[in-house]
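The chain contents come next:
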Amino acid sequence: MRKKRKPKQKSKKPEGKIMGFLRDERVKLATGIFFILLGLYLLLALISYLFTWKTDQSFEYSQIFLSPDIQVENWAGKTGAFIGNLMINKWFGIASFFIPALFLITGFRALNIKLLPLGKVFRVSIIGIILVSVSLGYLAGSQASMLGSGPGGGHGYIVSLWLNSVLGKAGTGFLLLFLNFAFLLFSYKPAILWFTGNKHKRKDEDIFYSDHDDPDNEIDISTVKGEKPKESYYEATKESGDPHLAFTTKTVGKNKSDDLSEKGSDVELTIEEKKEEENVAGKDIRPLHQENYDPTLDLPGYLPPTIQLLEDHFSDNSHVSKEELLNNKNKIVETLSHYKIEISKIKATIGPTITLYEIIPAPGVRISKIKNLEDDIALSLSALGIRIIAPIPGRGTIGIEVPNQNPEIVSMKSMITARKYQETDFELPIVLGKTISNEAYMFDLTKMPHLLVAGATGQGKSIGLNVIIASLLYKKHPAELKFIFIDPKKVELAQYTKIERHFLAKLPNIEEPIITDTQQVINTLNSLTIEMDERYDLMKKAHVRNIKEYNDKFINRRLSPEKGHRYLPYIVLVIDEFADLIMTAGRELETPLARIAQIARAIGIHLVIATQRPTTNIITGVIKANFPARLAFRVTSMIDSRTILDTPGANQLVGRGDLLISAGSDLTRIQCAFIDTPEIERITDFIGSQRGYPTALLLPEFAGEEGLNSSDIDPLQRDSFFEEAARLVVLHQQGSTSLIQRKLSIGYNRAGRIIDQLEAAGIVGSFEGSKARKVLFADEYALEQYLNELSKESTKS
């Protein structure tokens, strides 16, 4: 029999051609130049009309273009004279200058040059044209009739006459005064600060939102073979947010009188030294004139990265066509019918990478029977990555995930501009990508509290790490967040070196901010356990349970820096290629890491660990037990999927950023956002070019603290800071090299020598591994007596 030829499918829909035409950079460039030139021409015509209006009004405008004998003086010719008379004389008067301004701003916006926010400018201009025109018409009064229409134009003159007849001149004046006052308050934010007397408050930037979540992507598909869906198919909406969108960091209070000159510097409070710690922790000890402490004032001029640093990543034909939906539906129904499985309803939910077909089987059909047909359905659809969810929790349906023929690229820009991300109040917000329902998937890292990332080579694991880091960089101030980057491959995280003085933390005695040496990794993790213990000691003294409560107390000046309290930033430890570290360090690395994972959540230390080998000897039971949140890109085998997620599924993903995230008992499929290396470089360049701290945040010392023997210390060669350092460690009851280095503003090596001298003098105890050195003097009075004795002994000798 002769086979019927299938009709050729059109390669593109008309809608796709139109959208492609509008996205063409040449179209944007031509449109922008056209609007700019049009705006300049209108501006020239209006300015000229202010000087040539008497001549330009002396003829009949209906004949201006027909009679060659009519001569005008307008610099823009007859058309300019006509436009000037129309806009200034007949329409809105002087307020007509808003119109060319709108054209100019629109033109520059098309060229990706942001002068002012476009949406707000349009709203303000439309209201301003009407209000200014009527106000000028009212002020001109009787003179307007003598001049024709006056500075408010015909519109302003007529409306003001009508208002005068209704309200009288006094009532009209009061009304216009109120409307102009309200217009000023709502259109210009600093005005309200001026009127209320708060002239010195820092003004926040406006944030305009573009919502990319589209709920209308679910389609009911009839089970009758060949019948077309009643609703139009969903085409992924590309983000249309402001390309120059910038963010402002949320702050708690402003106090410009605070003298904060160094990183992490403490606010000195005037209190009695003998006050009990319980009283300090429980009461508001600040003087009445002091405002809340603001940690961001360490770097008051810091600006977060702008949206224009990110790119739009579009792919042609990324939508799912009606034909593709119907073909897949028919093949699923046909395959199930071969095994005598009837379904009563089928519905499609189109995502960026896959389409979820939800089916409701006929009564009496066993779910396991459909689950066992996974390979048969994949064969009939000629597609990889088919996954059956039987049943979908809370939905009462069976889900069949089918990869789209033309998957959509989810740009990081569309995620950053999503309303869900911009309006979040999460402490450490991470926007990962889009779900099947095209919603931005977000989570708070503080609630996870650690994240384990796994995936085969080339499946998007490194890009996923960059997405996590970029999400935090766009939301947090350098005073609120610090990263520790561990990169055994030495190339994946190297681009973040530029933000060392803003967002990074490291050991005091190493030069490279990105840790690559195995021994330095071990020292850093042990140093982090010391920092963890120090933070828990501070929280114990403050009578709080977590870092948020502690920082709230410190911001409200209820904790005294004189007692050793300080503002605690969040610390996020990012480890790339964890398998390599485990192979070289093993138990020496796993022990401090497990300890941090177990108890560091409450004090603001969080882990993000990535590996491309999710085997049981790498991801051990100890690690899995402390990482309830796991993120899996495509892996090569079901065993690897079970190792990372405790369930199959990661081996059925399609790759290129397709991932599953497990948070507790929930398993969610997401298309990870895409951020390219040049975008990361632009973000780090933008941050690195701004004023930062003198150094990265210095962690407590760990390596090389064995020090010298007491017999090697010469009492006559003590450092000039010896006595000041002794008073410092006794005051804080903390024998720490980093404390001396930070408070006395000296180098690490010199601070290390001083701590050795203090040990030799019997002021601090010996090195005890991960524990801080013990301070052997309980108060400053006893110390001063001891220092006097040391001074007399050195004088005699």
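Model, not experiment: these values are computed from the prediction.

Re the overall build of the protein
Point 1. Counting secondary structure elements, the protein contains 27 helices and 16 strands.
Point 2. In the protein, which comprises 797 residues, the share counted as buried stands at 51%.
Point 3. Pairs at least 24 residues apart make up 71% of the contacts formed inside the protein by residues separated by at least 6 positions.
Point 4. Split by element, the accessible area of the protein, about 39,000 Å² in all, is 55% carbon and sulfur.

As for helix H4 (residues 98-110)
Point 1. Helix length check: H4, at 13 residues, gives a terminal C-alpha distance of 19 Å against a target of 18 Å (1.5 Å per residue), a fit within 8%.
Point 2. Of the residues making up H4, those classed as buried are Ile99, Pro100, Leu102, Leu104, Ile105, Thr106, Gly107 and Arg109.
Point 3. One or two residues past the end of H4 sits Asn112, with phi positive at roughly 60 degrees.

With respect to the sheet that holds strand S11 (residues 570-575)
Point 1. Strands sit in the order S7-S6-S15-S14-S13-S8-S12-S11-S9 across an open sheet of 9 strands; the sheet is mixed. Only two strands of the sheet have a single neighbouring strand rather than two, namely strand S7 (440-444) and strand S9 (481-486). With strand direction ignored, the average angle separating the axes of adjacent strands in the sheet is 25 degrees.
Point 2. Bridging between S9 and S11 involves 6 bridges; their strand directions are parallel. Opposite Phe485, over in S11, you have Val574 as the bridge partner.

A word on the packing of helix H19 (residues 578-585) against helix H20 (residues 587-599)
Point 1. H20 packs onto H19 with a crossing angle of 120 degrees between their chain directions and a minimal axis gap of 6 Å. Taken together, the axes of H19 and H20 lie oblique to each other. From H19, Phe578, Leu581, Ile582 and Ala585 reach across to H20, where they touch Arg587, Glu588, Leu589 and Leu593.

So, a nonpolar patch on the surface
Point 1. Together, Leu44, Ile47, Leu50, Phe51, Trp75 and Ile94 line one region of the surface with nonpolar side chains, adding up to about 580 Å² of accessible area.
Point 2. Its place among the elements puts Leu50 in helix H2 (residues 25-56).
Point 3. Taking relative accessible area as the criterion, Leu50 reaches 38% and is therefore assigned partly exposed.

Points about the pairing of S7
Point 1. Buried residues dominate S7, accounting for 5 of its 5 residues.
Point 2. Every second residue of S7 is oriented toward a common face, with Ala440, Met442 and Asp444 on one face and Tyr441 and Phe443 on the other, all of them buried.
Point 3. With 5 bridges joining them, strand S6 (residues 429-435) and S7 adopt antiparallel strand pairing. In the sheet register, Pro429 faces S7, and the bridge partner there is Asp444.

Some thoughts on the packing of helix H17 (residues 518-542) against H20
For any two helices packed against each other, the geometry is given by the interaxial angle and the distance between the axes.
Point 1. Where H17 contacts H20, the axes come no closer than 9 Å and their chain directions differ by 30 degrees. With respect to each other, H17 and H20 are oriented roughly parallel. When you trace H17 past H20, the crossing you get is left-handed. On H20, the residues touching Val521, Ile522, Leu525, Asn526, Leu528, Thr529, Met532, Asp533 and Tyr536 of H17 are Glu588, Leu589, Pro592, Leu593, Arg595, Ile596 and Ile599.
Point 2. A class-by-class count of the residues in the contact of H17 with H20 yields 11 nonpolar, 2 polar and 3 charged.

Structural notes on the packing of aromatic side chains
Working definition: an aromatic ring pair is given by the centre-to-centre distance plus the angle between the planes.
Point 1. Enumeration according to the criterion identifies 11 aromatic pairs in this entry.
Point 2. An angle of 55 degrees between the planes, with centres 6.3 Å apart, marks the rings of Tyr441 and Phe443 as tilted. Of the two residues examined, Tyr441 and Phe443, each falls in the buried class.
Point 3. One aromatic cluster in this structure is built from Phe34, Phe35 and Phe103.
Point 4. Lying over the aromatic face of Tyr421, Lys475 brings its terminal NZ or CZ to 5.2 Å of the ring centre.
Point 5. The ring of Phe722 carries Arg718 above its face, with NZ or CZ at 5.0 Å from the centroid.

Focus on the pattern of salt bridges
Two side chains with opposite charge may pair up if their charged atoms get near one another.
Point 1. The tally for this structure, following the rule as stated, stands at 24 salt bridges.
Point 2. In this structure, the salt-bridge partner of Arg682 is Glu311, at a minimum N-O distance of 3.0 Å. Of this pair, Arg682 sits in helix H23 (residues 677-688) while Glu311 sits in the loop between helix H9 (277-282) and helix H10 (322-338), placing them 371 residues apart in sequence.
Point 3. For Arg682, a relative accessible area of 29% translates into the label partly exposed.
Point 4. When salt bridges with common partners are traced through the structure, they connect Arg387, Glu401, Asp658 and Arg669 into a single cluster.

Points about the environment of Ala542
Point 1. Relative to the helices and strands, Ala542 resides in helix H17.
Point 2. Here the alpha-carbon distance between Ala542 and Arg558, two residues 16 residues apart in the chain, equals 9.0 Å.

A word on the pairing of S6
Point 1. Taking burial as the measure, the 7 residues of S6 include 7 buried ones, the bulk of the element.
Point 2. Hairpin connection from S6 to S7: 4 residues lie between these consecutive antiparallel strands, with Asn438 at a positive phi of about 60 degrees.
Point 3. Where S6 meets strand S15 (residues 666-672), 3 bridges bridge the pair, whose relative direction is antiparallel. If you follow Gly433 over to S15, its bridge partner there is Cys672.

Quick look at unusual backbone geometry
Point 1. In this structure, Pro449 follows Met448 across a cis peptide bond, with omega equal to -5 degrees.
Point 2. By the element assignment, Pro449 lies in the loop between S7 and strand S8 (451-454).
Point 3. Non-glycine residue Asp646 carries a positive phi angle of around 65 degrees.
Point 4. Inspection of the secondary structure puts Asp646 in the loop between helix H22 (638-645) and strand S14 (658-663).

Topic: H22
Point 1. Within the sequence span of H22, burial applies to Asp640, Ser641, Thr643, Ile644 and Leu645. One side of H22 carries all its buried residues, which in axial view fall inside an arc of 165 degrees.
Point 2. The inward-facing, buried residues of H22 contact S8, helix H21 (621-625), strand S13 (629-632), S14 and S15.

As for the confidence of the model for the protein
Point 1. Looking at the protein, pLDDT values average 79 and 78% of them are 70 or higher.
Point 2. The low-confidence segment residues 198-216, where pLDDT is below 50, has 52 contacts with residues more than four positions distant or belonging to other chains.
Point 3. Considering only residues more than four positions removed or in separate chains, one finds that residues 222-283, a stretch of pLDDT under 50, has 174 contacts.

Considerations on the environment of Asp552
Point 1. Among the structural elements, Asp552 can be located in helix H18 (residues 547-555).
Point 2. Considering only alpha carbons, one finds Asp552 and Tyr567, 15 residues apart in sequence, at a separation of 9.3 Å.

Concerning the environment of Lys120
Point 1. Its location among the elements puts Lys120 in helix H5 (residues 118-140).
Point 2. Judged by relative accessible area, Lys120 falls into the buried class, the value being 18%.
Point 3. Counting along the chain gives 67 residues from Lys120 to Ser187, while the straight-line C-alpha distance between them is 8.3 Å.

Rules used in this analysis
Residues numbered from 1 in each chain as written. Predicted model: local features only at pLDDT ≥ 70, side-chain atom pairs only at ≥ 80, totals over all residues. Heavy atoms only, no water. Helix = DSSP H or I, 4+ residues; strand = E, 2+ residues; numbered from the N terminus. Buried < 20%, exposed > 50% of the residue type's maximum accessible area, 1.4 Å probe, protein only. Contact = heavy atoms within 4.5 Å. Areas by Shrake-Rupley, 256 points an atom, 1.4 Å probe, with all protein chains shown as cover. Expected span 1.5 Å × (residues − 1). Pairing = 2+ DSSP bridges. Axes fitted to C-alpha atoms, helices over the stretch in contact; angles between N-to-C directions. Parallel < 35°, antiparallel > 145°, perpendicular 65-115°, else oblique. Patch = residues over 30% accessible without salt bridge, like charges linked within 9 Å, V, L, I, M, F, W, Y side chains within 5 Å. Salt bridge = Lys/Arg side-chain N within 4 Å of Asp/Glu carboxyl O. Left-handed = near helix turned anticlockwise from the far one by under 90°. Nonpolar A, V, L, I, M, F, W, Y, C, P; charged D, E, K, R; others polar. Phe/Tyr/Trp six-rings, centres within 6.5 Å; stacked < 30°, edge-to-face > 60°. Lys NZ or Arg CZ within 6 Å of the ring centre and 35° of its normal. Arc of directions from axis to C-beta. pLDDT = per-residue confidence, 0-100.

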